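# Chains, contacts and geometry: an overview
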Amino acid sequence: DTAVSQTPKYLVTQMGNDKSIKCEQNLGHDTMYWYKQDSKKFLKIMFSYNNKELIINETVPNRFSPKSPDKAHLNLHINSLELGDSAVYFCASSPGTSGAKPETTDTQYFGPGTRLTVL
Amino acid sequence: SQQGEEDPQALSIQEGENATMNCSYKTSINNLQWYRQNSGRGLVHLILIRSNEREKHSGRLRVTLDTSKKSSSLLITASRAADTASYFCATGLSSGGYNKLIFGAGTRLAVHP
């Protein structure tokens, strides 16, 4: 199936731990994103990569570090987890520069989300 | 505050009725998009309207954009129980030559059989 996939789907961990969330897309897209959705369903962009290069880096604690080993993968590593990090994290991708029209380049395709619970 | 703000926060209707959701924003945009999120799932793209367009249709969806008022609306006609979901508007902004989406807080739509 062509899609954006994330692992794990659920992550429960203790404060202070370090954890990673992985994202892969097989859509051939150039651009990938990480979003955080809080308990009020408010969705905020964190990072974006285009062809492995960081292009958007919002005001996010430096405990969060994205890594893109290739344009199909964008992983999120979180150090020293805090209670406030509990949220659903979504990965997304878009055709980016590989598309011709905004309807193509700017439409984003989301993964199923990773629910992170920090105890 | 957030770029996109949606109204109403929640909407409850009967099957067959129309549902209208509104979105307001603050700055100039490249485009505006609407997404749907079913409970516990990722967002699904519904429709994109460019800043130079005023209205767009896709099946039972109709989106309008008024850049002078910095507002958009999403109309779902002849709603079905399966339309129950949260609906988000997202404004596409330029960021370093790329398009960045800023999401609103969403409207929770409940369609009752």
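Here the structure is shown first, and the text comes after it.
Residues numbered from 1 in each chain as written. Chains lettered and ligands numbered in written order. Predicted model: local features only at pLDDT ≥ 70, side-chain atom pairs only at ≥ 80, totals over all residues. Heavy atoms only, no water.

Here we take up the environment of Leu76(A). Residues and elements named next belong to chain A. By secondary structure assignment, the location of Leu76 is in strand β8 (residues 73–78). The exposure class of Leu76 is buried, given its relative accessible area of 0%. Ignoring any residue separated from it by four or fewer positions in sequence, one finds Leu76 in contact with Lys19, Ser20, Ile21, Trp34, Met46, Phe47, Phe64, Ser65, Pro66 and Tyr89. (Helix = DSSP H or I, 4+ residues; strand = E, 2+ residues; numbered from the N terminus. Buried < 20%, exposed > 50% of the residue type's maximum accessible area, 1.4 Å probe, protein only. Contact = heavy atoms within 4.5 Å.)

Counted by the stated rule, this structure contains two disulfides over all chains. Here Cys23(A) is linked by a disulfide to Cys91(A), with a sulfur-sulfur distance of 1.8 Å. Between Cys23(A) and Cys91(A) the disulfide shows an S-S torsion of about -75 degrees. By sign, it is left-handed. Of the two residues, Cys23(A) is situated in strand β3 (residues 19–25) and Cys91(A) in strand β9 (residues 87–94); the sequence distance between them amounts to 68 residues. By relative accessible area, Cys23(A) is classed as buried at 1%. We classify Cys91(A) as buried; its relative accessible area is 0%. Covalent S-S linkage joins Cys23(B) and Cys89(B), the inter-sulfur distance amounting to 2.0 Å. Its S-S torsion of approximately 60 degrees makes the covalent link between Cys23(B) and Cys89(B) right-handed. Taken together, the positions of Cys23(B) in strand β3 (residues 19–24) and Cys89(B) in strand β9 (residues 85–95) put the pair 66 residues apart, joining distant regions of the chain. (Disulfide = S-S within 2.5 Å.)

Moving on, we come to a positive patch on the surface. Side chains of Lys9(A), Lys41(A), Arg115(A) and Arg41(B) sit close together on the surface and give a patch of like positive charge. Among the structural elements, Arg41(B) can be located in the loop between β4 (31–37) and β5 (43–50). Taking relative accessible area as the criterion, Arg41(B) reaches 54% and is therefore assigned exposed. (Patch = residues over 30% accessible without salt bridge, like charges linked within 9 Å, V, L, I, M, F, W, Y side chains within 5 Å. Areas by Shrake-Rupley, 256 points an atom, 1.4 Å probe, with all protein chains shown as cover. Salt bridge = Lys/Arg side-chain N within 4 Å of Asp/Glu carboxyl O. Lys, Arg positive; Asp, Glu negative; His and termini not counted. Charge placed at Lys NZ, Arg CZ, Asp CG, Glu CD.)

All names here are of chain A. One open sheet accounts for four strands, arranged β1-β3-β8-β7; its pairing is antiparallel. The open sheet has two edge strands with one neighbour each: β1 (4–7) and β7 (64–70). For this sheet, the mean inter-axis angle between neighbouring strands, taken without regard to orientation, is 20 degrees. Of the pairings in the sheet, the one linking β1 to β3 comprises four bridges and is antiparallel in character. Across the sheet, the residue bridging to Val4 is Gln25, located in β3. (Pairing = 2+ DSSP bridges. Axes fitted to C-alpha atoms, helices over the stretch in contact; angles between N-to-C directions.)

Further remarks concern the packing of aromatic side chains. All names here are of chain A. Taken as a whole, this structure holds eight aromatic pairs over all chains when the rule is applied. With 6.4 Å between their ring centres and 75 degrees between their planes, Phe90 and Phe110 make a pair best called edge-to-face. Of this pair, Phe90 sits in strand β9 while Phe110 is found in strand β10 (residues 109–110), placing the two residues 20 residues apart along the sequence. (Phe/Tyr/Trp six-rings, centres within 6.5 Å; stacked < 30°, edge-to-face > 60°.)

All chains considered together, the criterion is met by eight salt bridges over all chains. Across the salt bridge formed by Glu82(A) and Arg63(A), the nearest N and O atoms sit 3.5 Å from each other. Taken together, the residues Glu82(A) in the loop between β8 and β9 and Arg63(A) in the loop between β6 (53–57) and β7 connect sequence positions 19 residues apart. Judged by relative accessible area, Glu82(A) falls into the partly exposed class, the value being 40%. Arg63(A) gets classed as buried once you look at its relative accessible area, which sits at 13%. In this structure, Arg62(B) engages Glu55(B) in a salt bridge whose closest nitrogen and oxygen atoms are separated by 3.1 Å. A relative accessible area of 31% places Arg62(B) in the partly exposed class. Judged by relative accessible area, Glu55(B) falls into the partly exposed class, the value being 42%.

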